[in-house]
Structure formats: C-alpha cells, structure tokens
Amino acid sequence: MTLRPSSKPSKKPAHKPTMAEELILGFIAGVLSRAVSTPLNMITLRLQAQGNDEDDSDEENGLELSRNGGVAAAAKSIYQQYGLFGFWRG
C-alpha cells in the first residue's frame, strides 16, 4: 500500500486566541498554580516550624533531636490534623 501525497498542503494557520479566551486561560492557569503551590508551601512551613521547635526544645531540655520522616510525614500530619482542606489553610 502506497500513500499518495495530497495536492494541497493541509497546514492550518495557528489559532489566535481572543481577549476573552486569554483571560479565561490566564484565570485557569492561576487557579491551578495556586492549587498546587499552596499545599507544597504548607508542607514546607510545617517542616520549618518542626525544625525550629525541635532545635529550641532540644537545647533547653537536653533531648535528642528526632526527625519525623520529611515531606511525607509532614503531609500526613497536616491531613490527620485538619483533613484535606488543611493544605489550603491560610
């Protein structure tokens, strides 16, 4: 079976979005960006707070420094304390 080349090139011109389409796409991109970055920021803040709390209490009380397991443990802790919406708390 041989393919015949078409007589006309089938290139379509690129779609130029309208202003309304650009606004809608920008809105969607912003919402998705915040939906992903906010939970990651909450996990980062939890890890930083745990590190500061452990450093302070260990120096004062002479206790061993215990590491909880990092990102997964911080995410699990947030979920257990506040549920799914805890990742988007302000």
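To be clear, the structure that these remarks concern was listed above.
None of these values were measured; they are calculated from a predicted model.

Caption draft 1: Main features of the overall build of the chain. The helix and strand tally for the chain stands at two helices and zero strands. When burial is assessed residue by residue, the chain has 16% of its 90 residues classed as buried. Counting only contacts in the chain whose residues sit at least 6 apart along the sequence, the fraction spanning at least 24 positions is 58%. Surface exposure of the chain reaches about 8,000 Å², of which carbon and sulfur atoms provide 61%.

Caption draft 2: The packing of aromatic side chains, seen in detail. Tallied over the entire structure, the rule returns one aromatic pair. Ring geometry for Phe87 against Trp88: centres 6.4 Å apart, planes inclined by 80°, an arrangement best described as edge-to-face. Overall, Trp88 belongs to the partly exposed group, its relative accessible area being 40%. The ring of Tyr82 carries Arg89 above its face, with NZ or CZ at 4.1 Å from the centroid.

Caption draft 3: Representation of a nonpolar patch on the surface within the structure. Taken together, the side chains of Ile24, Leu25, Phe27, Ile28, Val31 and Leu32 make up a nonpolar region of the molecular surface, amounting to roughly 610 Å² of accessible area. Secondary-structure assignment places Leu32 in helix H1 (residues 19–61). Taking the relative accessible area as the measure of exposure, Leu32 reaches 53% and is therefore exposed.

Parameters at a glance
The written sequence of each chain sets the order in which its residues are numbered from 1. Predicted model: local features are reported for residues with pLDDT of at least 70 only, side-chain atom pairs are reported and counted for 80 or more only, and whole-chain, interface and lining totals are derived from all residues. To obtain the side-chain values, all non-hydrogen atoms of the structure were included, while hydrogens and water were left out. Elements are defined by DSSP. Helices are runs of H or I of four residues or more, strands are runs of E of two residues or more, and each kind is numbered from the N terminus. Buried residues are those whose accessible area, probed at 1.4 Å on protein chains only, stays under 20% of the maximum for their type, while exposed residues exceed 50% and partly exposed ones sit between those limits. It only takes one pair of heavy atoms within 4.5 Å for two residues to be counted as in contact. Methods summary: accessible areas were calculated by the Shrake-Rupley approach with a probe of 1.4 Å, and residue burial reflects only the protein chains presented. Each Phe, Tyr or Trp ring, with Trp reduced to its six-membered ring, pairs with another whose centre is within 6.5 Å; inter-plane angles below 30 degrees give stacked pairs, above 60 give edge-to-face pairs, and intermediate values give tilted ones. A positively charged side chain is recorded as over a ring if its NZ (Lys) or CZ (Arg) lies within 6 Å of the ring centre. The angle to the ring normal must also be within 35 degrees. Without a salt bridge and with relative accessible area above 30%, a residue can belong to a patch; like charges are then joined within 9 Å and nonpolar side chains (Val, Leu, Ile, Met, Phe, Trp, Tyr) within 5 Å. Here a salt bridge means any side-chain nitrogen of Lys or Arg lying within 4 Å of a carboxyl oxygen belonging to Asp or Glu.

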